[in-house]
Amino acid sequence: MLTTNIERIGSNTVIDLDEKDLLSNDLIRSLSHELSKISNRSAVINLEQISALSSREWGEVVALVNALRLIGIRAVLCGINPSVAMTLIELVDSPRVESYLNVDGALDALEAE
Amino acid sequence: MRDRKEPSSSARTDEKIEQQQREIEGLQHSIAAAKFELPLLRISQEILMVPLVGAMDSMRSQRVMQNILDNIKSAGTKVIVIDIAGVNVVDSSVASHLIKMGLATKLMGATTIISGISPDMATNIVNLGIQTGDTETTNTLEDALNRAYRHVGLALVATGDADN
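Let me begin by describing the structure that accompanies this report.

Criteria and thresholds
Residues numbered from 1 in each chain as written. Chains lettered and ligands numbered in written order. Predicted model: local features only at pLDDT ≥ 70, side-chain atom pairs only at ≥ 80, totals over all residues. Heavy atoms only, no water. Helix = DSSP H or I, 4+ residues; strand = E, 2+ residues; numbered from the N terminus. Buried < 20%, exposed > 50% of the residue type's maximum accessible area, 1.4 Å probe, protein only. Contact = heavy atoms within 4.5 Å. Buried area = accessible area lost by both parts, 1.4 Å probe. Salt bridge = Lys/Arg side-chain N within 4 Å of Asp/Glu carboxyl O. Polar contact = N/O pair within 3.5 Å; in protein donor to acceptor, adjacent residues only side chain to side chain. Core = buried A, V, L, I, M, F, W, Y, C linked by side-chain atoms within 4.5 Å. Pairing = 2+ DSSP bridges. Right-handed = clockwise from strand over helix to strand, strands pointing away. Axes fitted to C-alpha atoms, helices over the stretch in contact; angles between N-to-C directions.

**A word on the overall build of chain B**
Here is step 1: A tally of helices and strands in chain B yields 5 helices and 5 strands.
Here is step 2: In sequence order, the secondary structure elements of chain B are arranged as α-β-β-α-β-α-β-α-β-α.
Here is step 3: When each of the 164 residues of chain B is scored for burial, the buried share is 34%.
Here is step 4: Within chain B, counting contacts between residues at least 6 apart in sequence, those at least 24 apart form 69% of the total.

**A word on the interface of chain A and chain B**
Here is step 1: Each side of the interface is counted separately: chain A has 17 residues, and chain B has 16 residues.
Here is step 2: Taking both sides of the interface into account, the surface hidden between chain A and chain B amounts to around 1,500 Å²; carbon and sulfur atoms contribute 66%.
Here is step 3: When residues of chain A are sorted by the area they lose upon contact with chain B, A:Met86, A:Ile89 and A:Leu101 head the list and together hold 41% of the total.
Here is step 4: Counting across the interface, chain A meets chain B through 1 salt bridge.
Here is step 5: Among the salt bridges present, the one from B:Lys100 reaches A:Glu90, with a minimum N-O distance of 3.0 Å.
Here is step 6: Scanning the region where chain A abuts chain B turns up 3 residue pairs in polar contact (both at pLDDT 80 or more).
Here is step 7: Every element with two or more residues in the side of chain A that touches chain B is listed here: helix 4 (82-91) and strand 5 (99-100) of chain A.
Here is step 8: If you tally residues by element for the side of chain A that touches chain B, the top one is helix 4 of chain A, at 6 residues.

**A short note on the nonpolar core**
Here is step 1: Grouped together as the largest cluster of nonpolar side chains are 56 residues, with contacts concentrated most on A:Leu17, A:Ile45, A:Trp58, A:Leu77, B:Leu52, B:Ile82 and B:Ile84.
Here is step 2: Residue contributions to this core peak at 8 residues, all from helix 3 (residues 92-107) of chain B.

**Thoughts on the sheet that holds strand 1 (residues 5-9) of chain A**
Residues and elements named next belong to chain A.
Here is step 1: A sheet is described by the order of its strands in space; here 5 strands give the open sequence 1-2-3-4-5, paired in mixed fashion. Strands at the two margins of the open sheet, each flanked by one partner only, are strand 1 and strand 5.
Here is step 2: Sheet analysis places strand 3 (residues 42-46) next to strand 4 (residues 74-78), joined by 5 bridges and oriented parallel. Pairing of Ala43 across the sheet is with Ala75, part of strand 4.

**Details of the environment of B:Glu23**
Here is step 1: Within the element layout of this structure, B:Glu23 appears in helix 1 (residues 9-37).
Here is step 2: Once the C-alpha coordinates of B:Glu23 and B:Ile72 are considered, the two residues, 49 residues apart in sequence, prove to be 34 Å apart.

**Examining the pairing of strand 2 (residues 47-54) of chain B**
All names here are of chain B.
Here is step 1: With 6 of 8 residues buried, strand 2 lies mostly within the body of the structure.
Here is step 2: Here strand 1 (residues 41-42) hands over to strand 2 after 4 residues, the two strands then running antiparallel side by side.
Here is step 3: The pairing of strand 2 with strand 3 (residues 79-87) spans 7 bridges and is parallel. Counterpart to Gly54 in the pairing with strand 3 is Val87.
Here is step 4: Between the parallel elements strand 2 and strand 3, the chain passes through helix 2 (residues 58-75) in a crossover that is right-handed.

**Topic: the sheet that holds strand 1 of chain B**
Residue and element names in this part refer to chain B.
Here is step 1: Across the sheet, which stays open at both edges, the 5 strands sit in the order 1-2-3-4-5 with mixed pairing between neighbours. Sheet topology places strand 1 and strand 5 (136-137) at the edges, where each strand pairs with a single neighbour.
Here is step 2: By the bridge criterion, 2 bridges tie strand 4 (residues 111-115) to strand 5 in an arrangement that is parallel. By the bridge assignment, Ile114 is partnered in strand 5 with Thr137.
Here is step 3: Packed onto the sheet, helix 2 meets strand 1, strand 2 and strand 3 and runs at close to 170 degrees relative to strand 2.

**Some details on the pattern of salt bridges**
Residues and elements named next belong to chain B.
Here is step 1: Tallying each qualifying case throughout the model produces 9 salt bridges over all chains.
Here is step 2: For Arg22, the salt bridge goes to Glu18, with nearest N and O atoms at 4.0 Å. On the criterion of helical spacing, the pair formed by Arg22 and Glu18 is a turn pair, its members being 4 residues apart in helix 1.
Here is step 3: Residue Arg22 is classed as exposed on the basis of its relative accessible area of 53%.

Below you can see the structure in the form of structure tokens.
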């Protein structure tokens, strides 16, 4: 059962991921289903509550972004903490995702398009 | 055989005080050195400048990066200008540290511009086959700051009121 906090803000959807969510085997499928029911075409995946991210978990996050894109939803990230950023650059070659400081920054960028 | 005289208690105290003073001086020196090696200069509300001087090893690079990332989170900095004109040697290791800094700041929604790349440095970088990816780089600090202002929607404009 999906326990991830999902909030609609205007024409965007904000998904607050936490460390428990990343343990789920069905995160991508569940969230894709959930968001496909909402008419919003853009989403912000907020990672502020995550203090550490393994390469597997990062892979899940990127896969989620890609899955949402496949169903026509532009997903961006926000709220990556400094310690997570420093770990990620060692784990992955070149993280190619759109990422913003916080939810407000992400929403502003999406609204500006 | 002559008896060895044990140092008096006051002599031991003096020695202890001297040792503690040396430790304090050492700590003060370390703190001063740390401040020197981690300079963060705020140019505007959204622009931070980091002038790097001297050698860039991986420990120093980590400290600088941590400082910058903490600053992005706490102050909402949007653009970081890292000036490397004062860095002794820019080899593939230093270039790698700088590119990682750019990636890390990008993950936090900020942009890094590296300034101070001289023509000789640029020639060495290409000859070494170092890939800078999409990291923004400039020759002069002036150019970097102009780009930084543009990133945040600002521009320096001449007012015609210069003092003569």
